[in-house]
Amino acid sequence: MMPLRLAFPAALLDLNKLSELSFIDYDDTHIKIGAMVRYSELLQSAEVGERIPLFAQALPFIAHEAIRNRGTMGGSIALADPAAEMPALLKALNATITIASTRGLRTIAADDFFLGIYETALNNDELVHSVTVPIANANQRFGFYELARRHGDYAMAGVAIAAQSVEPYAGLRMVFFSIGDYALRAPAAEAALNGKFQDDAIAIQQAQDALLSLEFNEDLNASGNMKAHLSGVVMRRALQSMRMEQH
Ligand SMILES: Cc1cc2nc3c(=O)[nH]c(=O)nc-3n(C[C@H](O)[C@H](O)[C@H](O)COP(=O)(O)OP(=O)(O)OC[C@H]3O[C@@H](n4cnc5c(N)ncnc54)[C@H](O)[C@@H]3O)c2cc1C
């Protein structure tokens, strides 16, 4: 924001030395990731990749290695860029976000954290402390697809999908990014697919039609109509990748 001359803060607080925000903790059911953990640490961790397969699929699409070596979990979600992948991943995974302030810690669902373009549920005196992500079980399936002009660019449209099971689909969470004000769940499309089998072309078409109820924003890359079209494309390709994973 500063190099773009969009922000002129009077003071900067450097979080880099807060090593207590740089942890990855596991228990049997969840992984807790500190706000200062960098994308590259998540990508390099075999434990994270095994327990959160959606991260392993999606993180290579976040920018380039040099950016992934610096960008943090906390920075990505506090910034709440509508084109960022991480907010969509956390919503698809039904993650929770722990927030710290002088009043102590509070926890909020990722579903309720992102409120608008660069807008979150954080108050001015609050810090992202960590995120907690459920560990995947053997029945769950995940899909991810994004379309960008060049690999590493912000996407023109993308989607992250988590299913409690497939054949038939159950418990789908389908979250689009880079199409609207923030990472958007698509409940009507999820409803069109839940209970249906993966090769049900009519259900997939109904899900694609249901996407038109989402609010699409124009940006530098594409018009709203173009994004509506691309969201159908990325959804189909993400579902296809989930089918291929089965075989
Ligand atoms: C060339 C380039 C390409 C990029 N491409 C992508 C991309 O494809 N996809 C993508 O998702 N991102 C992309 N990014 C963004 C990048 O990955 C980082 O996520 C982003 O720049 C935030 O960086 P940071 O973690 O250093 O946070 P900062 O830049 O340090 O902070 C971002 C904002 O969050 C606040 N903040 C930071 N940490 C916390 C915290 N713990 N609690 C509360 N507030 C906090 C800061 O005050 C600031 O307002 C790109 C960035 C660049 C420069």
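Everything numeric in this text was worked out from a predicted model, so none of it was measured.

In this section: the pattern of salt bridges. Tallied over the full model, the rule gives eight salt bridges. Salt-bridge contacts for arginine 103 lead to aspartate 125; the nearest nitrogen and oxygen are separated by 2.7 Å. In this pair, arginine 103 is assigned in the loop between strand E3 (96-101) and strand E4 (104-109) and aspartate 125 in the loop between strand E6 (119-120) and strand E7 (127-134), connecting sequence segments 22 residues apart. For arginine 103, a relative accessible area of 56% translates into the label exposed. For lysine 227, the salt bridge goes to aspartate 219, with nearest N and O atoms at 2.7 Å. For lysine 227, a relative accessible area of 0% translates into the label buried. Assessed through its relative accessible area of 32%, aspartate 219 is described here as partly exposed. Through salt bridges with shared partners, a single ionic network connects Arg103, Arg106, Asp125 and Glu126.

On to helix H9 (residues 201-210). Regarding H9, the residues found buried are Ala203, Ile204, Ala207 and Ala210. Here the buried residues of H9 occupy an arc of 120 degrees about the axis, which is enough to place them on one side. Seen from the buried face of H9, the exposed residues on the opposite side, beyond 90 degrees, are Ala201 and Ile202. The N-capping residue of H9, defined by a side-chain oxygen 3.2 Å from the backbone nitrogen of isoleucine 202, is aspartate 200.

Before going further, it helps to examine the site of the ligand. Lining the immediate surroundings of the ligand are 21 residues, of which Tyr39, Thr72, Glu85, Val128 and Tyr154 lie closest. Contact distances for the ligand include 2.6 Å between an oxygen atom and a side-chain N or O atom of threonine 72. Going through the elements one at a time, helix H5 (73-79) and E7 are the ones with two or more residues in the shell around the ligand. Here the shell around the ligand gets five residues from one element, more than from any other, and that element is H5. Residues that form the shell around the ligand fall into these classes: 13 nonpolar, six polar and two charged.

Turning our attention to the nonpolar core. Counting 44 residues, the largest nonpolar core has Ile33, Phe55, Met86, Leu90 and Phe113 as the members making the most contacts within it. Sorting elements by how many residues they give to this core places helix H6 (residues 85-92) first, with five residues. Contacts of leucine 90, omitting those with residues within four sequence positions, involve Phe55, Met73, Ile77, Ala95, Ala110, Val131 and Val133.

By secondary structure assignment, the location of asparagine 94 is in the loop between H6 and E3. Through-space distance from the C-alpha of asparagine 94 to that of alanine 109 is 7.3 Å; in sequence the pair is 15 residues apart. Sequence-distant contacts of asparagine 94, defined by excluding residues within four places in its chain, comprise Asp111, Pro134 and Arg173.

So, how was this worked out
- Residues numbered from 1 in each chain as written.
- Predicted model: local features only at pLDDT ≥ 70, side-chain atom pairs only at ≥ 80, totals over all residues.
- Heavy atoms only, no water.
- Salt bridge = Lys/Arg side-chain N within 4 Å of Asp/Glu carboxyl O.
- Helix = DSSP H or I, 4+ residues; strand = E, 2+ residues; numbered from the N terminus.
- Buried < 20%, exposed > 50% of the residue type's maximum accessible area, 1.4 Å probe, protein only.
- Arc of directions from axis to C-beta.
- Polar contact = N/O pair within 3.5 Å; in protein donor to acceptor, adjacent residues only side chain to side chain.
- Near = heavy atom within 4 Å.
- Nonpolar A, V, L, I, M, F, W, Y, C, P; charged D, E, K, R; others polar.
- Core = buried A, V, L, I, M, F, W, Y, C linked by side-chain atoms within 4.5 Å.
- Contact = heavy atoms within 4.5 Å.

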